[in-house]
Amino acid sequence: MIDRRTFNAAMGTGAAAVSVGGLRGAPSAAAAPRDSSPTPADTGSFARVKQIRAGLLDVGYAEAGPAHGPVVVCLHGWPYDIHSYVGVAPLLADQGYRVIVPYLRGHGTTRFLSERTFRNAQQSAVALDIVALMDALKIERAVLAGFDWGSRTADIIAALWPERCRALVSVSGYLVTDVKANLEPAPAKVEYTWWYQYYFATERGRKAMEDRDLRRDLTRLVWQQVSPTWDFDDATFDRTAAAFDNPDYAAIVIHNYRWRLGIADGQRRYDGLEKQLAARPPIAVPTVTLDPERDPFTAPGDGSTYRDRFTGPYEHRTLAGIGHNVPQEAPEAFARAVTDAARLTTASPS
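Residues numbered from 1 in each chain as written. Predicted model: local features only at pLDDT ≥ 70, side-chain atom pairs only at ≥ 80, totals over all residues. Heavy atoms only, no water.

Tallying secondary structure elements over the chain gives 14 helices and nine strands in all. Residues classed as buried in the chain amount to 57% of the 350 residues present. The long-range fraction of contacts in the chain, counting pairs at least 24 apart against all pairs at least 6 apart in sequence, stands at 76%. When the accessible area of the chain is evaluated, it comes to approximately 14400 Å², of which 52% is carbon and sulfur surface. (Helix = DSSP H or I, 4+ residues; strand = E, 2+ residues; numbered from the N terminus. Buried < 20%, exposed > 50% of the residue type's maximum accessible area, 1.4 Å probe, protein only. Contact = heavy atoms within 4.5 Å. Areas by Shrake-Rupley, 256 points an atom, 1.4 Å probe, with all protein chains shown as cover.)

This is the structure:
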């Protein structure tokens, strides 16, 4: 396991911290010197997106709440963006939390610092992005909360760098990718749910992601399929789909899914971390796991399939009638999970 000093030296982290503004209607911190985009007109958006250099990236992120409050880092998935947390952030800010919501690599205003950097989306690289962001913002520890790619990223940090994770909220439980296991076929119903993963393994799929209209059609279809009870409108989808116009979006998405299937290589610099993750390391930090009932990816068994991976204080909840995009579909339940996870530090495992 690498320590922070080794990580900083290898990846070039340690950028100067930046204070940022909050959500419209939420407590504001001091103004930051770097605004990257104008304020959206609708009230369902973040008031500002800020930028900071961190590791390999210039990261775009939103912030809400008091500058010196306990920190929560909220991580989005695919095909989503920071707006999955527009309802969660003000709820947590009102409880005194400092909420950080970054665009993952390849999304929104997050950019690679070098054109020469390989557009890698393997799981350990994405996790190191968030450690680098915490370093750049001088955040020692935070509650990490996420869904989809965000759950996986939070799980990895909690497993490999538990000293950086005060507590964890993980939708769908333990999502660390096992590339070797992914080489084996799954039941037909499971394979059917993952249709786009196999589409992305083809050149047709890559071309679809590179075409703005085709990727919007595809990602909207995914929203409808994985969140069957969520009645989102055009404006809600369009606000998030703008994040998919990032010039690296197609490359990141395609590499992520091809890497998971073992048909795209990662980079040797991450081999040590991937070896640790292949062993399915347990997570000992206080954790709340959430299973959305209407998400087709939710495994049967009320969390039993991954319960043994969480060895510390723990709670599990199933959210009735909720689909894949939990923080946007059920912001109150997600925010409550964050505050409850933070209180589990002295509890006993259930």
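Once you've had a look at it, read on.
Looking now at the packing of aromatic side chains. Summed over the entire model, instances satisfying the criterion amount to 23 aromatic pairs. Between Y174 and F310, the aromatic rings sit 6.1 Å apart at their centres with planes inclined by 80°, giving edge-to-face as the arrangement. Placement of Y174 in the loop between β7 (165-171) and α5 (179-182) and of F310 in the loop between β8 (287-292) and β9 (314-319) is noted, with a sequence separation of 136 residues between them. The exposure classification of Y174 matches that of F310, with both residues buried. (Phe/Tyr/Trp six-rings, centres within 6.5 Å; stacked < 30°, edge-to-face > 60°.)

We now examine the nonpolar core. The nonpolar side chains of a soluble globular protein tend to be buried with one another. Core analysis: the biggest nonpolar cluster contains 105 residues, and W78, L144, W161, L168, F200, L290 and F334 have the highest contact counts within it. At 10 residues, the largest contribution of residues to this core is made by helix α3 (residues 123-136). (Core = buried A, V, L, I, M, F, W, Y, C linked by side-chain atoms within 4.5 Å.)

Bringing the packing of helix α8 (residues 203-210) against helix α11 (residues 249-260) into the picture now. Relative orientation of the contacting elements α8 and α11 amounts to 150°, with a least axis distance of 8 Å. When the axes of α8 and α11 are compared, the crossing they make is right-handed. Where α8 approaches α11, its residues E203, G205, R206, M209 and E210 are matched on the opposing element by Y249, A250, V253, I254 and R258. Of the residues belonging to the contact of α8 with α11, the class tally is five nonpolar, one polar and four charged. (Axes fitted to C-alpha atoms, helices over the stretch in contact; angles between N-to-C directions. Left-handed = near helix turned anticlockwise from the far one by under 90°. Nonpolar A, V, L, I, M, F, W, Y, C, P; charged D, E, K, R; others polar.)

Looking at the chain as a whole, its pLDDT mean stands at 88, while 86% of the residues score no less than 70. Within the model, the stretch residues 1-43 combines pLDDT values under 50 with 110 contacts to residues more than four positions away or in other chains. (pLDDT = per-residue confidence, 0-100.)

Examined against the element boundaries, H255 turns out to sit in helix α11. As for H255 and R206, which are separated by 49 residues in sequence, their C-alpha atoms are 9.6 Å apart. Setting aside anything within four residues of it in sequence, one finds H255 in contact with F118, R119, N120, A121, Q122, A264, D265 and G266.

The next thing to look at is the pattern of salt bridges. For the coordinates displayed, the defined rule picks out 16 salt bridges. Measuring nitrogen to oxygen at the nearest pair gives 2.6 Å for the salt bridge that ties D129 to R105. Taken together, the residues D129 in helix α3 and R105 in the loop between β4 (98-102) and β5 (111-112) connect sequence positions 24 residues apart. In this structure R105 comes out as buried when scored by relative accessible area, which is 1%. For D238, the salt bridge identified is with R216, shortest N-O distance 2.5 Å. A residue pair is termed long-range when its members are at least 10 positions apart, and D238 in helix α10 (residues 234-241) and R216 in helix α9 (residues 212-226) qualify at 22 residues. Residues participating in the shared-partner salt-bridge network are E203, R206, E210 and R258. (Salt bridge = Lys/Arg side-chain N within 4 Å of Asp/Glu carboxyl O.)

This paragraph deals with helix α4 (residues 149-160). An α-helical turn contains 3.6 residues, so a residue and the one three or four places further along point in the same direction. Given a rise of 1.5 Å per residue, 12 residues ought to cover 16 Å, and the 17 Å separating the end C-alpha atoms of α4 matches this to within 8%. Extensive coverage of α4 is indicated by the burial of 12 of its 12 residues. The set of residues buried in α4 consists of W149, G150, S151, R152, T153, A154, D155, I156, I157, A158, A159 and L160. Where α4 is buried, its residues meet β3 (71-75), α3, β6 (142-146), β7, α11 and α12 (271-278). (Expected span 1.5 Å × (residues − 1).)

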